[in-house]
Amino acid sequence: MNESLDAVVVGAGFAGMAMLHRLRSMGLSVRVIERADGVGGTWHWNRYPGARCDVESMEYSYQFDDELQQEWEWTERYAAQPEILRYANHVADRFDLRDDISFETSVSSAVFDDDASRWTVTTDQGDTIDATYFILAVGCLSSTNMPEFPGAEKFQGNTYHTGQWPHEGVDFTGLRVGVIGTGSSAIQSIPIIAEEATHLTVFQRTANYAVPAHNRSLDPDAVAAIKADYGDFRARNSLQNGAFGANTDRNEAPAQSATQEERNAAFERRWQEGGFGFLRAFGDLALDPVSNEFAAEFVRAKIAEIVDDPQTAALLAPKQTIGCKRLCVDTGYFETFNRDNVELIDVSQAPIERLTPAGLVTGGREHEFDAIVFATGFDAMTGSILRIDIRGRNGLAIGDAWEAGPTTYLGLGVVGFPNMFTISGPGSPSVLTNMIVSIEQHVGWIGDCIDHLRSHDLQTIEATEEAASLWVDHVNAVAEMTLFTSCNSWYLGANIEGKKRVFMPLIGYPPYVEMCDRVAANGYEGFALAGASV
Ligand code: NA7
């Protein structure tokens, strides 16, 4: 197909769908390119057992349409993947989005034509589309990280990655299963796999913190109270650092201002409430290593209490600062290690050496499996952008532009790539927030920006070198004030061999929104705007 359009959007997850809806409502012609056979993005792919959002369902939804948020009924405090995917499909149907989405199609290249000031986008289905605007809505956690173990092709059993789970599901009944990894995906799936498998072996490189979800059916009265003034609830959430959790009680006092007894009572109360609210027990847990250690020690003590075998409990006790790697929200994770059919193997000192026809080898011992689950995460935030051959001005490749790490202005624009926008791109709060809130903020900003360009007869917008460089310094300076840089997390790209260690998301949603609004109000300060050349 050859088309000439106003905009091409890559990805039909929550970002791509919202962007399509917004641009279409402005009268633009748009095509969304999506590699999957359906909408939903990360929720389309992550179908592993137990997959669930760690942000509460009443918050993890769109707010752009009041009827939509009033009519949709979430069933649980934390929505499970099938329900979130049903919601995504409902939105696609309700707003007739599918007509403008090309499914099972991947973008191969996107090239900016300096003379015409237009993008030419090609796909693996042989399409060529030229468009004024090129918008990346590719998701932060959508390029899976699959470690390349020698002998991988020799393994006779089945292998799965949590981020590319078979649509028909997997029945582990009667099987010997190995799970590699102990991040969120592993922590959510392990308790369920353990119930099915004959034997489950978990390979842990870094022990992780998890707090209980205490997931439950939603209370109809609580739902009605939120829906009675959803706008107010949304507004209060948008004032939170992570754009969620306004209804959880936040204590701004430093942990060291309390006695040990008071601290433990505060942690205990939040442990019983469940979820990310645990880290709101004191105001300085992300800032002060001494205060952080109080919270870390509380969780370690909980693990020691829950897990019967002291050696296993000790291995499961995390050492890094709490919250540095994303805190996990679990249901019965630590309890699972009390089962007779579950074994924990520490691979921190003796990495997995290779796969064999029968299983895998670590520490000189072969473990035999019928199935191996890779819960090994993602090439986060930049992976899905860099795997497209994107070329800006003068043929500049995005991989070269980002050789020293991703450089953006506001996480929205890249120097040398005019009229290209990244939704929840590196340098924006994205993964440290309620993603849907951040997505809608970006969609709104980009929509307003395009409206501005069109109404002022401007042909291009492009981040300036100076603004982008100052922005990267700002993102890093904010991160350096916290404990986020004290461990090897995917926020830093540290989980991918050879990836530059740069803290990618910006901490703090409210000041970011203010900054974006100010930039727009000041005529898109920090961007170069150019009129039509004719
Ligand atoms: P994560 O959080 O990146 O977890 C991946 C896990 O896999 C983590 O425990 C890694 O250990 C482990 N891993 C990765 N490579 C290896 C190798 N080669 N050997 C052993 N272990 C390995 O990904 P998730 O999918 O769980 O979660 C991603 C996000 O999705 C999550 O934060 C939520 O926002 C939703 P490591 O810690 O690097 O030592």
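Worth saying up front: this structure is predicted, and the values here are computed from it rather than measured. Counting from 1, residues in each chain are numbered in the order their sequence is written. Local features in this predicted model are restricted to residues of pLDDT 70 or higher, and side-chain atom pairs are both shown and tallied only at a pLDDT of 80 or more, whereas totals for entire chains, interfaces and linings draw on every residue. For the side-chain quantities, the full set of heavy atoms in the structure was used; hydrogens and water were omitted.

> Hey, could you run me through the overall build of the chain in this one?
For the chain, the helix and strand inventory stands at 16 helices and 20 strands. Relative to a compact globule of 534 residues, whose C-alpha radius of gyration would be 24 Å, the chain shows 23 Å and is just as compact. Structurally, the chain occupies a C-alpha span of about 75 × 55 × 45 Å along its principal axes. Relative accessible area decides the class of each residue, using a 1.4 Å probe on protein chains only: under 20% of the type maximum gives buried, over 50% gives exposed, and in between gives partly exposed. Residues classed as buried in the chain amount to 56% of the 534 residues present. When checking whether two residues touch, look at their non-hydrogen atoms; a contact exists if any pair is within 4.5 Å. Partitioning the intrachain contacts of the chain with sequence separation of at least 6 by distance along the chain shows that 71% fall at a separation of at least 24. Here the open area of atoms and residues is found with the Shrake-Rupley method and a 1.4 Å probe, where only the protein chains shown may cover a residue. In the form shown here, the chain has an accessible surface area of approximately 21500 Å², with 48% of it arising from carbon and sulfur atoms. Only four residue types enter the tally: Lys and Arg on the positive side, Asp and Glu on the negative side; His and the chain ends are excluded. For the purpose of locating charges, the reference atoms are NZ of Lys, CZ of Arg, CG of Asp and CD of Glu. Distance between charge centres in the chain, computed from 39 positive and 74 negative side chains, equals 2 Å. Helix and strand definitions follow DSSP, with helices as H or I runs of at least four residues and strands as E runs of at least two, each counted in order from the N terminus. Both definitions apply: the radius of gyration is a C-alpha atom measure, and the globule rule equals 2.2 Å times residues to the power 0.38.

> Just checking my understanding: could you explain helix H8 (residues 260-273) for this structure?
Residues spaced three or four apart along an α-helix face the same direction, because each turn holds 3.6 residues. The span you would expect from a helix comes to 1.5 Å times its residue count less one. Between the first and last C-alpha of H8 there are 20 Å, a value that for 14 residues agrees with the 20 Å anticipated at 1.5 Å per step. Among all positions in H8, only Arg263, Ala266, Phe267, Arg270 and Trp271 are buried. Across the axial projection of H8, the buried residues extend over an arc of 135°, all falling on one side. Against the buried residues of H8 lie strand S10 (210-212) and helix H9 (289-306). Positive backbone phi, at 85°, marks Gly274, one or two positions downstream of H8. Arc definition: directions from the helix axis to the C-beta atoms.

> Mind showing me how you'd approach the site of the ligand here?
Nearness is judged by heavy atoms alone; a residue qualifies as near a molecule or strand once a single heavy atom is within 4 Å of it. Surrounding the ligand, one finds 18 residues, the nearest of these being Thr182, Ser185, Arg205, Thr206 and Lys325. Measuring from an oxygen atom of the ligand, one finds a backbone N or O atom of Thr182 at 2.9 Å. Two N or O atoms form a polar contact when they lie within 3.5 Å of each other; inside protein one atom must be a possible hydrogen donor and the other a possible acceptor, and for residues adjacent in sequence the pair counts only when both atoms belong to side chains. The separation between an oxygen atom of the ligand and a polar main-chain atom of Gly183 is 3.4 Å. Burial of the ligand by the protein amounts to 86% of the accessible area it has alone, namely 780 Å². Any residue that is not Ala, Val, Leu, Ile, Met, Phe, Trp, Tyr, Cys, Pro, Asp, Glu, Lys or Arg is counted as polar, Gly included; the first ten are nonpolar and the last four charged. For the shell around the ligand, the residue count by class is seven nonpolar, eight polar and three charged.

> How should I be thinking about the packing of helix H14 (residues 435-455) against helix H16 (residues 509-521) in this particular structure?
Each pair of packed helices can be described by the angle between their axes along with the distance between the axes. Closest axis-to-axis distance for the H14/H16 pair is 11 Å, and the angle between their directions is 5°. Viewed along their axes, H14 and H16 adopt a mutual orientation that is roughly parallel. Where H14 approaches H16, its residues Val437, Ser438, Gln441, His442 and Trp445 are matched on the opposing element by Tyr509, Tyr512, Val513, Cys516, Val519 and Ala520. Residue composition of the contact of H14 with H16, by class: eight nonpolar, three polar and no charged. Between N-to-C directions, angles span 0 to 180 degrees; the directions come from axes that are lines fitted to C-alpha atoms, helices contributing only their stretch in contact. Should an angle fall under 35 degrees it is called roughly parallel, over 145 degrees roughly antiparallel, and 65 to 115 degrees roughly perpendicular, with every other angle called oblique.

> Explanation requested: the sheet that holds strand S15 (residues 365-368) in the structure shown.
Pairing between sheet strands relies on hydrogen bonds along the backbone, with the strands arranged either parallel or antiparallel. Between any two strands, pairing holds if DSSP finds at least two bridges. Pairing in this open sheet of three strands is antiparallel, and the strands run S13-S14-S15 from one edge to the other. A strand with exactly one partner marks an edge of an open sheet, and here the two such strands are strand S13 (352-355) and S15. Recorded for the sheet is a direction-independent mean angle of 25° between the axes of neighbouring strands. In this sheet, S15 lies alongside strand S14 (residues 359-362) in antiparallel orientation, the contact comprising four bridges. Its bridge partner being in S15, Val361 is matched across the sheet by Glu366.

> What exactly am I supposed to notice about the packing of aromatic side chains here?
Aromatic rings considered in pairs are described by the distance between their centres and by the relative angle of their planes. A pair of Phe, Tyr and Trp rings is counted when the ring centres sit within 6.5 Å of each other, with Trp represented by its six-membered ring. The angle between the planes then sorts it: under 30 degrees is stacked, over 60 is edge-to-face, the rest tilted. Enumeration according to the criterion identifies 36 aromatic pairs in this entry. Taken together, a centroid distance of 6.1 Å and an interplanar angle of 85° make the contact between Phe14 and Tyr60 edge-to-face. Taken together, the residues Phe14 in helix H1 (residues 14-25) and Tyr60 in the loop between helix H2 (42-45) and helix H3 (66-71) connect sequence positions 46 residues apart. Plain terms: the ring middles of Tyr333 and Phe337 are 5.2 Å apart, the flat faces sit at 85° to each other, and that makes the pair edge-to-face. Note on Phe337: relative accessible area 7%, which makes it buried. The rings of Phe14, Trp43, Tyr60, Tyr62, Phe64, Trp72, Trp74, Tyr87 and Phe95 are connected pair by pair, giving a single aromatic cluster. Over a ring means this: the NZ of a Lys or the CZ of an Arg is within 6 Å of the ring centre and within 35 degrees of the ring normal. A cation over an aromatic ring shows up here: Arg263 above the ring of Phe294, its NZ or CZ 3.6 Å from the ring centre.

> Explanation requested: the pattern of salt bridges in the structure shown.
Between side chains of opposite charge, pairing is possible as soon as their charged atoms come close. A side-chain nitrogen of Lys or Arg and a carboxyl oxygen of Asp or Glu constitute a salt bridge if their distance falls within 4 Å. Across all of its chains, the model carries 27 salt bridges by this definition. Two residues, Asp370 and Arg176, come together in a salt bridge whose shortest N-O distance is 2.9 Å. Taken as a pair, Asp370 in the loop between S15 and strand S16 (371-374) and Arg176 in strand S8 (residues 176-180) lie far apart in primary sequence, 194 residues in all. A relative accessible area of 32% places Arg176 in the partly exposed class. Salt bridges sharing partners connect three or more residues here, namely Asp249, Arg269, Arg270 and Glu273.

> What exactly am I supposed to notice about the side chain of Thr162 here?
In this fold, Thr162 is placed in the loop between strand S7 (158-161) and S8. On the basis of relative accessibility, which here comes to 1%, the residue Thr162 falls in the buried class. Apart from the residues within four sequence positions on either side, Thr162 is in contact with Trp45, Asn46, Arg47, Tyr48, Ser185, Ser189, Val373, Phe374 and Ala375.

> Even after reading the chapter, I still don't get H14, so can you show me in this structure?
Taking 1.5 Å of rise per residue, 21 residues should cover 30 Å, and H14 covers 30 Å from first to last C-alpha, within 8% of that figure. Burial runs high along H14: 16 of the 21 residues are buried. One or two steps after H14, the chain reaches Asp457, where phi turns positive at roughly 55°.

> Can you walk me through unusual backbone geometry in this structure?
For residues other than glycine, phi is negative in most cases, and the peptide bonds are mostly trans. Positive phi values are uncommon outside glycine, yet Ser117 reaches one of about 55°. For Ser117, the position within the fold is in the loop between strand S4 (107-113) and strand S5 (118-123). Judged by relative accessible area, which is 10%, Ser117 ranks as buried. Residue Leu410 is not a glycine yet carries a positive backbone phi of 65°. For Leu410, the position within the fold is in the loop between helix H13 (398-401) and strand S18 (420-422). Relative accessible area serves as the criterion here: at 0%, Leu410 is assigned to the buried category.

> Is there a simple way to think about the state of the cysteines in this case?
The bond known as a disulfide is covalent and runs between the sulfur atoms of two cysteines. Count a disulfide wherever a pair of cysteine sulfur atoms falls within 2.5 Å. In this structure the tally under the stated criterion is one disulfide. Disulfide pairing places Cys324 opposite Cys487 at an S-S distance of 2.1 Å. For the disulfide bridge between Cys324 and Cys487, the dihedral angle about the S-S bond is near -105°, and by the sign convention the bridge is left-handed. Remark: Cys487 occurs in the loop between helix H15 (465-480) and H16 and Cys324 occurs in the loop between helix H10 (310-316) and strand S11 (328-330); sequence separation between them is 163 residues. You can call Cys324 buried: its relative accessible area is 1%. No disulfide involves Cys328; its sulfur sits 12 Å from the nearest other cysteine sulfur, which is in Cys487. Exposure remark for Cys328: the relative accessible area of 1% places this residue in the buried category. Residue Cys516 stays outside any disulfide, its sulfur separated by 11 Å from that of Cys449, the closest cysteine. For Cys516, a relative accessible area of 0% translates into the label buried.

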